[in-house]
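Secondary and tertiary structure notes
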Amino acid sequence: MAGKPLLHYFDGRGRMECIRWLLAAAGVEFDEKFIETSEDLDKLRNDGSLMFQQVPMVEIDGMKLVQTRAILNYIASKYNLYGRDIKERALIDMYTEGVCDLGEMIMLLPLCPPAEKDTKLAQIREKTTNRYLPAFEKVLKSHGQEYLVGNRLSRADVHLVELLYYVEEVDPSLLASFPLLKALKSRVSNLPTVKKFLQPGSQRKPPLDEKSLEKAMKIFRIK
Amino acid sequence: MMSTKPKLHYPNGRGRMESVRWVLAAAGVEFDEEFLETKEQLQKLQDGNHLLFQQVPMVEIDGMKLVQTRSILHYIADKHHLFGKDLKERTLIDMYVEGTLDLLELLIMHPFLKPDDQQKEVVNMAQKAIIRYFPVFEKVLREHGQRFLVGNQLSLADIILLQTILALEEKIPNVLSAFPHLQEFTVKISNIPTIKKFLEPGSKRKPPPDDIYVRTVYNIFMP
């Protein structure tokens, strides 16, 4: 019998959070082993557990998966959240990559030197309002369905809704002119598995505070 | 129904489209290219709603306008049986491709670094290749003794790795010196008829980025 997936990462969102969201949305229980020090990371590396010496790493179905996208692709395929055919998969991939591009900008903001932060924030606002949210709003408007692809929940909806929560954290008013996205956010948030994940006490991680950021930088030896 | 050739929209240079050219060529798929030369051309594509996130690469294929490099690569790989025979093989291919793309990214960004930083970055690329990435693939090939990285048949992983090795060798000629299996791999994969043809002069393979290419990119994409 297969055990629960085991996630190896530090105790924070970073590049593992989208994986936590997807597993949670799929109703899959998982365990986590937190990297607390750079010695913990070294140990994983020396054990040969990390193909490219990096985390995220997820132990699942007898494999030690690395590379965020590879992990997400596996989970999405296994739990039928990756569309029904090659064309749906292509759409899901495109939407997912767009979410990932904006998500990356938001995720890296805390690492930005203070002098550049305002500029970066302005860029994020601009891209959110003029590039990404309009694209997704348009997709929903074009087919009038409840989900982005194939008239059913897919990973694209989960990734997008996760992103919308982060956009809201940056500035709630950014979502104001996107009614269909707000409706999608609401709909997906009310799915039993997602609702549970959104409640306090779940494995969802909070925004990075000053202390956690310092800790993460120590673990990964970022100056 | 007569199918038309895929059409690639990108500047006349490698950048993020080169991997797509490699995979189409390896799959024996003829394609057309419309080269972006000016900001006005990009604007026209954007205004005409041809670019989901206002960005290139974009590939017109099978009635779709695909954007986001990975989505394009996955679609082509899926369609032309370059993605393994089952989910586990696909996942291995995904991991290898993602690792290789991390290394390729350094090459893609290199021409756009400040001249003072460029030499330092070549050293960084060499180190990453030799310490982090090549040992993984050398070990894979050594352990199963097969010609291809996954499942004893050509996959996306082989193509992207070959592309990256050859591009690195242009900057660091002896980069494979400690990796006999990768050297053999390079020769064997290069000799596959479709790939051999792509490596010959007169193919759609693009030359290493030069000053003209860098200037063109700045003209098109800088605000």
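Residues numbered from 1 in each chain as written. Chains lettered and ligands numbered in written order. Predicted model: local features only at pLDDT ≥ 70, side-chain atom pairs only at ≥ 80, totals over all residues. Heavy atoms only, no water.

A look at the sheet that holds strand E3 (residues 57-60) of chain A
Residue and element names in this part refer to chain A. Note the following rule: Two strands qualify as a pair provided DSSP detects at least 2 bridges between them. Helix and strand assignments follow DSSP, with helices taken as H or I runs no shorter than four residues and strands as E runs no shorter than two, numbered in order from the N terminus. Lines are fitted to the C-alpha atoms to define the axes, a helix being fitted only along its stretch in contact, and any angle between axes, read from their N-to-C directions, falls within 0 to 180 degrees. Whether two residues are in contact is decided by their heavy atoms: any pair within 4.5 Å suffices.
One open sheet accounts for four strands, arranged E2-E1-E3-E4; its pairing is mixed. What marks the edges here is a single partner per strand, and that holds for strand E2 (31-34) and strand E4 (63-66). On average, each strand axis in the sheet is inclined to that of its neighbour by 20°, with strand direction left out of account. Pairing analysis gives four bridges linking E3 to E4, with the strands arranged antiparallel. Paired with Val 58 across the bridge in E4 is Leu 65. Against the sheet, helix H1 (residues 17-25) touches strand E1 (6-9), E2 and E3, its axis set at about 165° to E1.

Details of the nonpolar core
Applied cut-off: Buried Ala, Val, Leu, Ile, Met, Phe, Trp, Tyr and Cys residues that are joined via side-chain atoms within 4.5 Å together make up what is termed a nonpolar core. Burial classes follow relative accessibility: with a 1.4 Å probe on protein chains only, a residue under 20% of its type's maximum area counts as buried, one over 50% as exposed, and anything between as partly exposed.
B:Phe134, B:Leu149 and B:Leu182 are the most contacted members of the largest nonpolar core, which totals 148 residues. Once residues within four sequence positions are removed from consideration, B:Phe134 is found in contact with B:Leu103, B:Ala129, B:Ile165, B:Leu168, B:Val175, B:Leu176, B:Phe179 and B:Leu182.

Regarding the UniProt feature "domain: GST N-terminal" (unreviewed entry) in chain A
What counts, and what does not: UniProt positions are given in the numbering used here, feature names are shortened, and annotations may be inferred rather than shown by experiment.
UniProt's entry tags residues 3-83 of chain A with the feature "domain: GST N-terminal" (unreviewed entry), counted in the numbering of this structure. Helix and strand shares over residues 3-83 of chain A are 36% and 20% respectively, and the end C-alpha atoms of the span are 26 Å apart.

Side note on the interface of chain A and chain B
Rule in force here: The buried area of a pairing is the accessible area, by a 1.4 Å probe, that goes missing from both parts when the two are put together, added over both. One speaks of a salt bridge when a side-chain nitrogen belonging to Lys or Arg is within 4 Å of a carboxyl oxygen belonging to Asp or Glu. For this analysis, a polar contact is any N or O atom pair within 3.5 Å, provided that within protein one partner can donate a hydrogen and the other can accept it, and provided that sequence-adjacent residues contribute only side-chain to side-chain pairs. Ten residue types, Ala, Val, Leu, Ile, Met, Phe, Trp, Tyr, Cys and Pro, are classed as nonpolar, four, Asp, Glu, Lys and Arg, as charged, and the remainder, Gly among them, as polar.
With 33 residues of chain A at the interface, the matching set in chain B holds 31 residues. Note on chain A versus chain B: buried area summed over both sides is about 2800 Å², and carbon and sulfur give 63% of it. Put simply, chain A and chain B have two salt bridges between them. Linking chain A with chain B are eleven residue pairs in polar contact (both at pLDDT 80 or more), by the criterion used here. Elements with a minimum of two residues in the side of chain A that touches chain B: E4, helix H3 (68-78), helix H4 (86-108) and helix H5 (114-143) of chain A. Top contributing element to the side of chain A that touches chain B by residue count: H4(A), with ten residues. Grouping the amino acids of the side of chain A that touches chain B by side-chain chemistry returns 15 nonpolar, six polar and twelve charged.

Examining the packing of aromatic side chains
To keep it simple, the criterion reads: Only Phe, Tyr and Trp rings take part, Trp by its six-membered ring, and two of them pair if their centres are within 6.5 Å. Stacked means planes under 30 degrees apart, edge-to-face means over 60, and tilted covers everything else. The criterion is that NZ of a Lys, or CZ of an Arg, lies within 6 Å of the ring centre and within 35 degrees of the ring normal, and then a charge sits over that ring.
In this structure the tally under the stated criterion is 15 aromatic pairs over all chains. Ring geometry for A:Trp21 against A:Phe197: centres 5.5 Å apart, planes inclined by 80°, an arrangement best described as edge-to-face. Here the residue A:Trp21 occupies a position in helix H1, and A:Phe197 occupies one in helix H8 (residues 192-198), the gap between them amounting to 176 residues. In this pair, the class of A:Trp21 matches that of A:Phe197, namely buried. Connected via pairs of aromatic rings, a cluster forms that spans A:Phe52, B:Tyr96, B:Tyr133 and B:Phe137. When the ring centre of A:Tyr82 is taken as origin, the NZ or CZ atom of A:Arg155, which lies over that ring, is 4.8 Å away. One Lys or Arg, A:Lys185, reaches over the ring of A:Tyr165 and ends 4.1 Å from the middle of that ring.

Digging into the pattern of salt bridges
Should the charged atoms of two oppositely charged side chains come close, the side chains can pair. In this structure the tally under the stated criterion is 34 salt bridges over all chains. As a salt-bridge pair, A:Glu88 and A:Arg84 come within 3.6 Å of each other at their nearest N and O atoms. The residue B:Glu170 makes a salt bridge to B:Arg205 at a minimum N-O spacing of 4.0 Å. Remark: B:Arg205 occurs in the loop between helix H8 (193-199) and helix H9 (211-221) and B:Glu170 occurs in helix H6 (residues 156-171); sequence separation between them is 35 residues. On the accessibility criterion, B:Arg205 (24% relative accessible area) is partly exposed. Here the salt bridges share partners, and the residues they tie into one network are A:Glu17, A:Arg20, A:Glu32 and A:Lys205.

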